[in-house]
Amino acid sequence: MKPFTVRLHFHGDLDFFLGSRRSGGVIERALMEKTSAKDVIESCGVPHPEVDLILVEGQPVDFDYPIANDAHIEVFSVGAKRPQTAEKRLQLPLFSRFVIDGHLGKLARNLRLLGFDVAYDCEARDRQLLHIMKREGRALLTRDRRLLMHAVVEIAYCPRSQNADQQTVEVIRRFHLFDSIAPFTRCLRCNAPLQKVAKADVIEKLEPLTKIHYEQFRRCTGCSQIYWAGSHFSKLQKRLDEIRMNFDL
């Protein structure tokens, strides 16, 4: 088979994965054999879950589309401005259940604070993360590019920022979750939903001052942790307000 060249143009924020030496999101690849669109794109460092549209010579294609000749390929991220005629999407825009790798513990806590279903274990290995993702139908959140490129990964996102609050904003924007925010409805420890409980039902487990100063309580349906609007509540509310301020409403 004769060598051929593909020219890839990456749109949106996909240049995050290309490195500083790539200007304008354009890369050329010399190939010696037929290759899928997915493999060509990932050879440039861009994980397939970050790609929402692929155009080959202006026509939308799937990840398994074979590239065997010289071609111009345009690759669009989720949310990138796209041609009006290209309606084909490769990613789900809405998703609210996640599994998060061990390096993003603060992001996991933030998302639980906002009421989202987050599976998180700081000691989980890659194989465990992928198993939970598939078994429970969750989107994977990780900054591990190699893990994002795993063949079984379908819905995933790589936070660009290293700041947990900004990562939270990114995830909620990526998956269009602002209207689904339900603060203080999920346990920060074990992820189970919280349920309102009468003071009389938990009074024996409360500290003396808590018994005096607070009347409303919630209990985790999983680990039975008790929550009330103590001093920690105002700190969490402040963090929530700061996160919300980052949205363009």
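Residues numbered from 1 in each chain as written. Predicted model: local features only at pLDDT ≥ 70, side-chain atom pairs only at ≥ 80, totals over all residues. Heavy atoms only, no water.

**Topic: the side chain of Q167**
Then, in step 1: With respect to the helices and strands, the residue Q167 is situated in helix α5 (residues 164-174).
Then, in step 2: In this structure Q167 comes out as buried when scored by relative accessible area, which is 4%.
Then, in step 3: Apart from residues no more than four positions distant in its own chain, Q167 is found in contact with L104, L107, R143, P159, S161 and Q162. (Helix = DSSP H or I, 4+ residues; strand = E, 2+ residues; numbered from the N terminus. Buried < 20%, exposed > 50% of the residue type's maximum accessible area, 1.4 Å probe, protein only. Contact = heavy atoms within 4.5 Å.)

**So, α5**
Then, in step 1: Counting buried positions along α5 gives eight out of 11 residues, so the element sits mostly inside the fold.
Then, in step 2: Within α5 the residues assigned to the buried category are A164, Q167, T168, V169, E170, V171, I172 and R174.

**Focus on the pairing of strand β7 (residues 71-77)**
Each regular strand shows side chains that alternate between the opposite faces of the sheet.
Then, in step 1: Taking burial as the measure, the seven residues of β7 include six buried ones, the bulk of the element.
Then, in step 2: Two elements, strand β1 (residues 4-11) and β7, share six bridges in a ladder whose sense is parallel. Across the sheet, residue L8 finds its bridge partner in β7, namely I73.
Then, in step 3: One ladder, built from five bridges, connects strand β4 (residues 51-56) with β7; its direction is antiparallel. (Pairing = 2+ DSSP bridges.)

**A short note on the layout of surface pockets**
Then, in step 1: By volume, the largest pocket is sized at about 350 Å³.
Then, in step 2: Elements that contribute at least two residues to the lining of the largest pocket include exactly β12 (194-197), β13 (217-220) and α8 (231-244).
Then, in step 3: Here the element with the most residues in the lining of the largest pocket is α8; it accounts for three residues.
Then, in step 4: Its residues placed into classes, the lining of the largest pocket shows 10 nonpolar, two polar and three charged.
Then, in step 5: Size it by volume and the second largest pocket reaches roughly 280 Å³.
Then, in step 6: Lining of the second largest pocket is provided by 14 residues; of these, D13, V78, G79, R173 and R174 occupy positions nearest its centre.
Then, in step 7: In terms of residue count, α5 provides more of the lining of the second largest pocket than any other element does, four residues in total.
Then, in step 8: Here the lining of the second largest pocket is composed, by residue class, of three nonpolar, four polar and seven charged. (1 Å grid on protein atoms, 1.4 Å probe; cavity = no way out; pocket = protein on both sides within 12 Å on 5 of 7 lines; lining within 4 Å. Points joined across faces, edges and corners; volume = space filled by probe spheres on them. Nonpolar A, V, L, I, M, F, W, Y, C, P; charged D, E, K, R; others polar.)

Nothing here speaks to function; it is geometry throughout.
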